[in-house]
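# Reading the structure
Single-letter residue listing:
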Amino acid sequence: PAMAVAGRRREAAEYYRGQRVPERMEEALNALFPLRPEDLFGELANYFSKYSKAPVIRKLVGRRVLNGVGQPTLEVEIYCTVKNCEKRICSTVMSSYSQIPENALPETIEADEKERNASVNTAVEWVNQSLNTMLRDLKPTDQCQIDRMLGEYFTNKVEEKKKIQEEEEAEATLAFTSHTPSPAPSVKKKEAKPGKKSSVAEKPIPAAEPAEPVLCGSLAIGGTSLAMAKAGATISHVPLYLYIALLKHDQESPEEMTLPLPMVTLLNCEKISPTKLKLVKEVMLIPPVHLSCKEGIERILDIQKEMTKLLEFPGKTHTSQLGDSKKGKAQTSEKKGPSQFLKRISHLGCLTTGYDDLKQLVLLMQTACNNTGLKLGTDMYLAINCAAHELMDYEKGKYEILSGTFKSPDEMVAIYVELIDKFPFIIALIDPLRKEDRQQWSDLCHALGSKCYLIAEDAATHISKLKIDQDINTPTCSGVVLKYINQTKVSDLIELTGILDGQRHITILGSPDGESSDDSLVDLAVGLGARFIKLGGLSRGERVTKYNRLLAIEEELAKNRTLR
């Protein structure tokens, strides 16, 4: 036994010498002795941690959770092997996005809910099984490699689905042919179609492009990519926004960083409300660039409080519209009951209301600002989300801008030109036209491009297609709202924002309707150098947490003297 013990000691000594343990121990002791730290062993642990192996992915955990509006979505957790121990590093919760407009039929909404449920369940399965196995033992800091593998996995899934659909279509065609005695019925159907085509031809507008298909389970790709970026930042001991900036600039740390200007939604004007105005979906406030983010948000909160007062008393509102802000403040008409204008806080985190015309709405905004001692065009600016794709009446071939009032795409251009000329403090229009009306987008940019940002949100296609060809997949515009949804990967955003920067297009990071409590979108916007960030209103926890994150980043950059 004594000889065995001696042998093990010799083996241990050789092993430790091979790992240079005695040499490094001496270095550590010599380095720490002059400091004489209070926690000697803690300092020794810190000293030796730099020699430990880089963390690797141990497992991924996918989980079904709820987003801010109570809809199911995906959470992805990352566990790594760190110093021989399994450790939970981070998690991310994906925001969900629906292409269903607010005036959709109940059966359409129900079908969308079923599809969303199936997609989330499939995404959970992908994360817990295929992706968990595929990414195990990789370094979470290898973002490009991981995103490439996720992209290949997604492409394979798309091909699988396409093959299954082709087989199903072939079987259906075969079954139809075998049960059809003569070709007469199909001839009748073909005769019925020209009538429809001729009626459409009378309205010379481009047909609506079909909704872009979303692969069931695609949330798993975006969720895993973003979770890996968060894990990489955590392991690298840097904030996520800096980690994203380093990825975008090939690991070269920027000397200064700029915060995106917030587009804060103040009013959500429902298009299905009994009031007439349909042209406006969101009214947003943009603070001037010389203000800090904190100062800008404080101003917007003051305006929001004043707007709430104006909407609670319709009589007070009408007085204010005359532009006499003092008279509006002094108005003390009795409250006869809940106002028909102010209904509730929207899912966008703002006041929900409705109006009969655009002038009424803009004058109310002016009154709210005047009553707080602010002037539109100097102390605050407006942006309007028109969501024009929800206005088109395809039978008439025109946009319904007011109840019963229809305008052609060319007439819409004239309306916007008149609007901006009359109210120059409106500095951004989002989705003023459908993406199919490309000629009118071009005309609008030619007329207003130097006065106003013309932004494509729903008028822009998914990020995957934007990467392929922006000229084909986006109308002529000033910039694009990018949303981190479905199969979007961090690398996609980095690549696309680089392309947009090169084309002098502005980038806006946008928050989808089904927002989650995850605040990573703000870090993405800062790290990517977005010009604006569109987060909704200053209510609802899932919205406010992002504004709080923006304020925290501003404070951190100012403290480090890297805020431009």
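Source: prediction; values computed, not measured.

## Quick notes on helix α4 (residues 106–135)
Given a rise of 1.5 Å per residue, 30 residues ought to cover 44 Å, and the 41 Å separating the end C-alpha atoms of α4 matches this to within 8%. Helix geometry: α4 is bent most strongly at Trp 126, by close to 40°.

## A few points about the pairing of strand β1 (residues 56–66)
Across 10 bridges, the pairing between β1 and strand β2 (residues 72–82) is antiparallel. Residue pairing across strands places Arg 63 opposite Glu 75, the latter belonging to β2.

## Overview of helix α13 (residues 409–422)
Counted at 1.5 Å a residue, the expected span for α13 with its 14 residues is 20 Å, and the 20 Å between its end C-alpha atoms agrees. Here α13 has its buried residues at Pro 409, Met 412, Val 413, Tyr 416, Leu 419 and Ile 420. Within α13, the buried residues cover an arc of 130° as seen down the axis, which keeps them to one side. Looking at the packing, one finds that the buried side of α13 touches α12 (358–371), β9 (398–402), β10 (405–407), β11 (426–430) and α14 (438–448).

## Considering the packing of aromatic side chains
One pass over the structure, following the stated rule, counts six aromatic pairs. On the numbers, 5.7 Å between centres and 85° between planes, the contact of Tyr 47 with Phe 48 is edge-to-face. Taking the relative accessible area as the measure of exposure, Tyr 47 reaches 17% and is therefore buried. The exposure class of Phe 48 is partly exposed, given its relative accessible area of 27%. Ring plane angle 75° and centroid distance 5.5 Å describe the contact between Tyr 453 and Phe 532, whose orientation is recorded as edge-to-face.

## Overview of the packing of helix α9 (residues 293–312) against helix α19 (residues 541–560)
Their axes nearest at 9 Å, the elements α9 and α19 cross at an angle of 145°. Between α9 and α19, the residues in contact are Cys 293, Lys 294 and Ile 297 and Tyr 547, Leu 550, Leu 551 and Glu 554, respectively. Residue composition of the contact of α9 with α19, grouped by class: five nonpolar, no polar and two charged.

## Considering empty space enclosed by the protein
Under the counting rule described, the total for this entry stands at one cavity of 30 Å³ or more. In this structure, the largest cavity encloses a volume near 130 Å³. Surrounding the largest cavity, 15 residues form its lining, Ser 95, Leu 226, Tyr 484, Glu 515 and Leu 521 being those nearest its centre. The set of elements that each furnish at least two residues to the lining of the largest cavity consists of β3 (85–93) and α18 (520–528). Here the residues of the lining of the largest cavity sort into seven nonpolar, five polar and three charged. Two domains share the lining of the largest cavity, each providing at least three of its residues, namely domain 2 (56–167 + 212–236) and domain 3 (254–312 + 343–560).

## Examining the sheet that holds β9
A sheet is described by the order of its strands in space; here three strands give the open sequence β8-β9-β10, paired in antiparallel fashion. At either margin of the open sheet sits one strand with a lone partner, and together these are β8 (392–393) and β10. Each of β9 and β10 touches α13; the most contacted strand, β10, lies at about 100° to it.

## Focus: a nonpolar patch on the surface
There is a patch of nonpolar side chains on the surface, built from Tyr 15, Tyr 16 and Val 21 and spanning about 300 Å² of accessible area. The topology assignment puts Tyr 16 in helix α1 (residues 2–18). On the basis of relative accessible area, Tyr 16 is assigned to the partly exposed category, the value being 43%.

## Brief notes about the confidence of the model for the protein
Looking at the protein as a whole, its pLDDT mean stands at 86, while 86% of the residues score no less than 70. Across residues 187–202, confidence stays below pLDDT 50; counting only partners more than four residues off in sequence or on other chains, it has zero contacts. Here residues 317–341 is modelled with pLDDT under 50, and outside its nearest four sequence neighbours on either side it reaches 34 contacts, counting other chains as well.

## Considering the layout of surface pockets
Estimates place the volume of the second largest pocket at around 660 Å³. Lining the second largest pocket we find 32 residues, and of these Thr 258, Leu 259, Gly 529, Ala 530 and Arg 564 sit closest to its centre. Those elements that provide at least two residues to the lining of the second largest pocket are α8 (240–248), β4 (261–269), α9, β14 (506–510) and α18. Ranked by the residues each element gives to the lining of the second largest pocket, the list is headed by α18, at three residues.

## Description of the pattern of salt bridges
Taken as a whole and judged by the stated rule, the model has 25 salt bridges. Residue Lys 230 is joined to Asp 518 by a salt bridge in which the shortest nitrogen-to-oxygen separation is 3.3 Å. Of this pair, Lys 230 sits in helix α7 (residues 219–236) while Asp 518 is found in the loop between β14 and α18, placing the two residues 288 residues apart along the sequence. Relative accessible area serves as the criterion here: at 11%, Asp 518 is assigned to the buried category. With a closest N to O distance of 3.2 Å, Glu 282 and Lys 534 form a salt bridge. In this pair, Glu 282 is assigned in strand β5 (residues 282–286) and Lys 534 in strand β15 (residues 532–536), connecting sequence segments 252 residues apart. Summarising the burial analysis for this pair, Glu 282 and Lys 534 share the class buried. Residues joined in a network through salt bridges with shared partners are Arg 63, Glu 75, Glu 77 and Arg 88.

What counts, and at which threshold
- Residues numbered from 1 in each chain as written.
- Predicted model: local features only at pLDDT ≥ 70, side-chain atom pairs only at ≥ 80, totals over all residues.
- Heavy atoms only, no water.
- Helix = DSSP H or I, 4+ residues; strand = E, 2+ residues; numbered from the N terminus.
- Expected span 1.5 Å × (residues − 1).
- Bend = angle between axes of the 7 residues up to and from the residue.
- Pairing = 2+ DSSP bridges.
- Buried < 20%, exposed > 50% of the residue type's maximum accessible area, 1.4 Å probe, protein only.
- Arc of directions from axis to C-beta.
- Contact = heavy atoms within 4.5 Å.
- Phe/Tyr/Trp six-rings, centres within 6.5 Å; stacked < 30°, edge-to-face > 60°.
- Axes fitted to C-alpha atoms, helices over the stretch in contact; angles between N-to-C directions.
- Nonpolar A, V, L, I, M, F, W, Y, C, P; charged D, E, K, R; others polar.
- 1 Å grid on protein atoms, 1.4 Å probe; cavity = no way out; pocket = protein on both sides within 12 Å on 5 of 7 lines; lining within 4 Å.
- Points joined across faces, edges and corners; volume = space filled by probe spheres on them.
- Domains from an automatic or database assignment.
- Patch = residues over 30% accessible without salt bridge, like charges linked within 9 Å, V, L, I, M, F, W, Y side chains within 5 Å.
- Areas by Shrake-Rupley, 256 points an atom, 1.4 Å probe, with all protein chains shown as cover.
- Salt bridge = Lys/Arg side-chain N within 4 Å of Asp/Glu carboxyl O.
- pLDDT = per-residue confidence, 0-100.

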